[in-house]
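Residue-level structure breakdown
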Amino acid sequence: METQKQLTIGLFGFGVVGEGLYKVLQQTPSLKASIKKVCIKNPGKKRNAPDSLFTSDRNELLFDKEINVIVEVIDDSVAAFEIVSTAFQQGKAVVSASKKMIAEHLPEILKYQQDTGLPFLCEAAACASIPVIRNLEEYYDNDLLHGIKAIINGSTNFILTKMFEDKLGYQEALLLAQQLGFAESNPKLDVEGYDAVNKWSILLNHAYGIVEHPDNLVFTGIQNVQSGDAAVAKEKNYDIKLVAQAQKLVSGKVAAYVIPQFVKHDDQLSFVKNEYNGVVIESGFADKQFFYGKGAGSFPTASAVLSDISALRYNYRYEYKKRYYHTPGELTHDFYVKAYVSFSSLKDIVKEDFEWIEEWHGGLERSYLVGVIHFEKLATQQWWKAPGVSLILAPDPVIESIELRNIKKRSLELAGIGN
Ligand SMILES: NC(=O)c1ccc[n+]([C@@H]2O[C@H](COP(=O)([O-])OP(=O)(O)OC[C@H]3O[C@@H](n4cnc5c(N)ncnc54)[C@H](OP(=O)(O)O)[C@@H]3O)[C@@H](O)[C@H]2O)c1
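The protein chain carries the name Homoserine dehydrogenase in an unreviewed UniProt entry, which gives Filimonas effusa as its organism. According to the UniProt record, the Sequence similarities (unreviewed entry) comment for the protein chain is "Belongs to the homoserine dehydrogenase family." According to the UniProt record, the Catalytic activity (unreviewed entry) comment for the protein chain reads "L-homoserine + NADP(+) = L-aspartate 4-semialdehyde + NADPH + H(+)".

Considering the overall build of the protein chain
Counting its secondary structure elements, the protein chain contains 15 helices and 16 strands. Over its C-alpha atoms the protein chain spans a radius of gyration of 23 Å, differing by no more than 12% from the 22 Å that the globule rule assigns to 419 residues. The principal-axis extents of the C-alpha atoms in the protein chain amount to approximately 75 × 45 × 35 Å. Of all intrachain contacts in the protein chain linking residues separated by at least 6 positions in sequence, the fraction that spans at least 24 positions is 73%. Working note: accessible area of the protein chain is about 18,400 Å², and carbon and sulfur atoms make up 50% of it. Each charge class in the protein chain can be summarised by its mean position, and for the 45 positive and 52 negative side chains these summaries are 3 Å apart.

Overview of the UniProt feature "domain: Aspartate/homoserine dehydrogenase NAD-binding" (unreviewed entry) in the protein chain
The sites that carry the UniProt feature "domain: Aspartate/homoserine dehydrogenase NAD-binding" (unreviewed entry) are, in the present numbering, residues 13–118. Within residues 13–118, the helical portion is 42% and the strand portion 16%, while the C-alpha atoms at the span's ends are 22 Å from each other.

Brief notes about the pairing of strand β13 (residues 336–343)
Within β13, seven of the eight residues are buried, which leaves it mostly tucked inside the rest of the structure. Examined bridge by bridge, β13 and strand β15 (residues 367–374) share eight bridges and lie antiparallel to one another. Bridging across to β15, V341 finds its partner in L369. The sheet contact formed by β13 and strand β16 (residues 390–399) spans six bridges and is antiparallel. Bridging from a neighbouring strand, A339 pairs with L393 of β16.

Section: the sheet that holds strand β4 (residues 69–72)
Here we have six strands laid out as an open sheet, ordered β3-β2-β1-β4-β5-β6, and parallel in their pairing. Taken across any chain shown, the strands that pair with only one partner, and hence form the sheet edges, are β3 (54–55) and β6 (120–121). Here two bridges tie strand β2 (residues 33–39) to β3, and the two strands are oriented parallel to one another. Residue pairing across strands places C39 opposite T55, the latter belonging to β3. Here helix α12 (residues 298–312) sits on the sheet in contact with β1 (7–12), β2, β4, β5 (93–96) and β6, set at roughly 165 degrees to β5.

Examining the site of the ligand
Close contacts around the ligand come from 23 residues, with F14, N42, K45, R47 and G297 the closest. Between an oxygen atom of the ligand and a side-chain N or O atom of S98, the distance comes to 3.2 Å. Take G297: an N or O atom from its main chain is 2.7 Å from an oxygen atom of the ligand. Burial of the ligand by the protein chains amounts to 82% of its free accessible area of 900 Å². Partitioned by chemical class, the residues of the shell around the ligand number 11 nonpolar, six polar and six charged.

Comments concerning the domain arrangement of the protein chain
For the protein chain, the assigned domains are domain 1 (7–125), domain 2 (132–294 + 319–324) and domain 3 (336–408). If you average the C-alpha positions of domain 1 and of domain 2, the two centres end up 28 Å apart. Between domain 1 and domain 2, the contact holds 14 residues from the first and 16 residues from the second. With both sides pooled, the region where domain 1 packs onto domain 2 buries about 1,300 Å², and carbon together with sulfur makes up 63% of that total. Of all residues in domain 1, the largest losses of buried area upon contact with domain 2 belong to L106, L110 and E123, amounting jointly to 40% of the total for that side. For the interface between domain 1 and domain 2, the tally reads one salt bridge. Notably, a salt bridge pairs K99 with D195, separated by 3.4 Å at the nearest N-O pair. For the interface between domain 1 and domain 2, the tally reads five residue pairs in polar contact (both at pLDDT 80 or more). Mapped by element, the contributors of at least two residues to the side of domain 1 that touches domain 2 are α4 (99–104) and α5 (106–116). Of the residues in the side of domain 1 that touches domain 2, the class split is eight nonpolar, two polar and four charged.

Things to note about unusual backbone geometry
Positive phi values are uncommon outside glycine, yet K32 reaches one of about 55 degrees. You can see K32 is positioned in the loop between α1 (16–26) and β2. The class of K32 is partly exposed, set by a relative accessible area of 38%. Residue N315 is not a glycine yet carries a positive backbone phi of 60 degrees. Checked against the element boundaries, N315 lands in the loop between α12 and α13 (321–324).

Quick word on the pattern of salt bridges
By the definition in use, this model includes 19 salt bridges. One salt bridge in this structure joins K36 and E66, with 2.6 Å as the shortest N-O distance. With K36 in strand β2 and E66 in the loop between α2 (59–62) and β4, the pair connects residues that are 30 residues apart, well separated along the chain. One salt bridge in this structure joins D166 and K162, with 3.4 Å as the shortest N-O distance. Where salt bridges share partners, they join K36, D64 and E66 into one cluster.

What counts as what
- Residues numbered from 1 in each chain as written.
- Predicted model: local features only at pLDDT ≥ 70, side-chain atom pairs only at ≥ 80, totals over all residues.
- Heavy atoms only, no water.
- UniProt positions renumbered as here; feature names shortened; annotations may be inferred.
- Helix = DSSP H or I, 4+ residues; strand = E, 2+ residues; numbered from the N terminus.
- Rg over C-alpha atoms; globule rule 2.2 N^0.38 Å.
- Contact = heavy atoms within 4.5 Å.
- Areas by Shrake-Rupley, 256 points an atom, 1.4 Å probe, with all protein chains shown as cover.
- Lys, Arg positive; Asp, Glu negative; His and termini not counted.
- Charge placed at Lys NZ, Arg CZ, Asp CG, Glu CD.
- Buried < 20%, exposed > 50% of the residue type's maximum accessible area, 1.4 Å probe, protein only.
- Pairing = 2+ DSSP bridges.
- Axes fitted to C-alpha atoms, helices over the stretch in contact; angles between N-to-C directions.
- Near = heavy atom within 4 Å.
- Polar contact = N/O pair within 3.5 Å; in protein donor to acceptor, adjacent residues only side chain to side chain.
- Nonpolar A, V, L, I, M, F, W, Y, C, P; charged D, E, K, R; others polar.
- Domains from an automatic or database assignment.
- Buried area = accessible area lost by both parts, 1.4 Å probe.
- Salt bridge = Lys/Arg side-chain N within 4 Å of Asp/Glu carboxyl O.

Listed below in structure tokens is the structure:
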């Protein structure tokens, strides 16, 4: 049996995650891993660790021959990519939690791994404590993975839970999330879906071998969800969640997006409340599996980093089987989705974009419709993301069959709302 490697770590970042890892490692002496040096940005800050451990000179870590692992947990994606690139060039294994950096540099990171044979592990970057990346890599064969749907941003889930359960308005719920430390002081990255789509880009790679820049994925956040939408959802016995979804279509191509969705009460995702994350994986023979846990926070995130460090002792690396040994998945916009759209003014929506409309409710302050729209329209049009318009996908929103469309199509004119 292979002997365990001694790991000498150069740690970048001593914030929420970095300090958490420092504490967790102190409690795990059996790991044979020690932090030799920590690089931070502001040398003047008071730290809960000996001064001699810290430096603000990144080269002290990157060019130290004794350090064989770089753990990068900083909050600056540009600097993070420079650090990771140099670490590879210096022959060091890398563990990172920086989802934005990873999502924006997937092709380069894959190439570095191919060229150097060095491991790059990033379990903490998506869903933190939930071991979803390694499961997608190791367990689910490409052909068996029918779909994944997930709640991968704790802040938005917290806000939606408060809108539902405590009947808070959106702004009140956001303020509470900020007060409790679940949302950034600039909450745009969370509430407008940027954080979720970065994670989704990383997970699509491990699930289907798809390498797509997050800017090219169709996504939005919960910034336009109204209390009135929550009331409609309640009437219909649904929750509203920001759902990241990927589904393999009959064509073999993959539908993927991050968009708010109505979720039935018996759906596993309905169980995921407050700041928690959840992932439902649907595979050929196993049916559905549900992963649930903390998707952020100091120790939950550090636990995923720790698990990656531990895996390095046995030279574990992602093989990217879906990408290199199978035909990689291909994204498509060629399918339809059923969606609910609420709006305060008819001129804010383009009703002609819908193939057919199944429900129409006019109200004094807001109206809503439920209709079927081609996904390419969502990919190319912006009206559905504009302030005042709230689009929420139906449960099981994907409609693949054109036949179905022909059978079910009811024109806007027939519904009496054509003009
Ligand atoms: N927080 C979570 O729950 C969580 C979960 C999953 C993933 N992540 C990811 O993990 C990373 C770290 O998050 P965090 O919450 O720990 O951030 P944080 O609390 O803001 O800490 C950031 C750390 O990075 C250091 N830093 C910033 N720029 C640097 C540079 N150029 N060189 C060296 N150090 C630098 C900072 O130094 P100073 O201390 O001197 O300011 C600080 O120690 C982010 O990419 C984040 O997206 C976080």
